[in-house]
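Here is how the chains run, residue by residue.
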Amino acid sequence: MAKDKILVIGASGQIGVELTMALRKIYGNANVIASDLREQNPLLQGTGPYVSLDVMNKEMLHVQVIRQNITQIYLLAAILSATGEKNPNLAWNLNMTGLLNVLDIAREEKLHKVYWPSSIAVFGPTSPRQNCPQQTIIEPTTVYGISKYAGEFWCNYYHQRFGVDVRSIRYPGLISYKSAPGGGTTDYSVEIFHEAMEEKKYECFLQEDTYLPMMYMPDAIRGTIELMEAPASKISVRHSYNLSGMSFSPKEIAAAIQKHIPDFTISYKPDYRQHIGHKALMIPWPVTIGVGNRSMI
Ligand code: NAD
Ligand code: SER
């Protein structure tokens, strides 16, 4: 079979930058095409091809897929939880239309595989707070969570009905240092490190005892690529897999930073994101299905 040619949509974002670099290492720079609505992230410059692309423009997306002989798509373009609550229509439109455009094109062009991430945001206040199982009560209360849960069903539908090999992970909040987060409730866990280094203080938009599930970016990238490289026969979940790392609160992460920067201080000014955190994401999620034990699939 000819070598896979991969299109990453949303490559300039927090996950896109690191995932594109990791994919280029495996598949070769020329075989991984980065694309985004915004300009190329400086970290990707000179590492491989880049095209400017709007996932909402199905025709242009289709043209690129044919022109570039694409066989796999990683769809990362989305509006995240905090930005979504400010503009619910935009979040619903982008998160749904973008996914359906990609799934339709994957079906028509018989792409080998599609990757689309879901999120812990699918879980709402009625989901179990510890050892949250794969199949459980799922009643999201944010537009972001609703769009992710609906997206999971679309993925399963396109797989069952049209045979599209689409795979998905419910990422926890991802902590990275290479690229900035893009409007989520878990963003505080990245900002706090930058502010600690630059200002030695941080004003947190969540309460000190808000526990959220988190994961370090390299683990998420590894989990994603391992899922995508697994034989199709081993993929038993076509909605989206749970994947967990750790849960901690702002108070705990501040205490950990103080071990390295003793004069670091944290203050708390909860805003609308506290509401999102409490309602949709505040689930201590100890390791149930981790990348470490390879029991994901
Ligand atoms: P991000 O906001 O950092 O990046 C998204 C990228 O998509 C941006 O570069 C943006 O310019 C691009 N984009 C937006 N609209 C577009 C359009 N119409 N066409 C093409 N590109 C467009 O987001 P991220 O954190 O990298 O998240 C990527 C995916 O992972 C999303 O689906 C998100 O819901 C999911 N996810 C992220 C996290 C996390 O903690 N980062 C956790 C769970 C799930
Ligand atoms: N980091 C993401 C958010 O907070 C989780 O999906 O929106």
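These lines cover the structure that appears in this document, whether it is placed above or below. None of these values were measured; they are calculated from a predicted model.

A closer look at helix α6 (residues 188-198)
Phase 1: The set of residues buried in α6 consists of Tyr188, Ser189, Val190, Ile192 and Ala196.
Phase 2: Just beyond α6, the residue with positive phi is lysine 200, at close to 60°.

Looking at the environment of glutamine 207
Phase 1: By the secondary structure assignment, glutamine 207 is in the loop between β10 (201-204) and β11 (212-216).
Phase 2: Taking C-alpha positions, glutamine 207 is 9.3 Å from serine 267, a pair spaced 60 residues apart along the chain.

Re the site of ligand 1
Phase 1: With respect to spatial proximity, 28 residues lie near ligand 1, and among them Gln14, Asp36, Asp54, Tyr144 and Lys148 are the closest.
Phase 2: One of the backbone N or O atoms of glycine 13 is found 3.2 Å from an oxygen atom in ligand 1.
Phase 3: Within the contact set of ligand 1, an oxygen atom lies 2.9 Å away from a backbone nitrogen or oxygen of isoleucine 15.
Phase 4: Look at ligand 1: alone it shows 830 Å² of surface, and the protein chains cover 93% of it.
Phase 5: Looking at the shell around ligand 1, the elements that each hand over two or more residues are α1 (14-27), β6 (118-119), α5 (143-162) and β9 (173-175).
Phase 6: Counted by class, the shell around ligand 1 contains 15 nonpolar, nine polar and four charged residues.

Here's the deal with a nonpolar patch on the surface
Phase 1: A contiguous nonpolar patch, built from Tyr177, Tyr216 and Met246 and spanning about 330 Å² of accessible area, is present on the exposed surface.
Phase 2: Position of tyrosine 177 relative to the elements: it lies in the loop between β9 and α6.
Phase 3: The exposure class of tyrosine 177 is exposed, given its relative accessible area of 57%.

Calculation criteria
Residues numbered from 1 in each chain as written. Chains lettered and ligands numbered in written order. Predicted model: local features only at pLDDT ≥ 70, side-chain atom pairs only at ≥ 80, totals over all residues. Heavy atoms only, no water. Buried < 20%, exposed > 50% of the residue type's maximum accessible area, 1.4 Å probe, protein only. Helix = DSSP H or I, 4+ residues; strand = E, 2+ residues; numbered from the N terminus. Near = heavy atom within 4 Å. Polar contact = N/O pair within 3.5 Å; in protein donor to acceptor, adjacent residues only side chain to side chain. Areas by Shrake-Rupley, 256 points an atom, 1.4 Å probe, with all protein chains shown as cover. Nonpolar A, V, L, I, M, F, W, Y, C, P; charged D, E, K, R; others polar. Patch = residues over 30% accessible without salt bridge, like charges linked within 9 Å, V, L, I, M, F, W, Y side chains within 5 Å. Salt bridge = Lys/Arg side-chain N within 4 Å of Asp/Glu carboxyl O.

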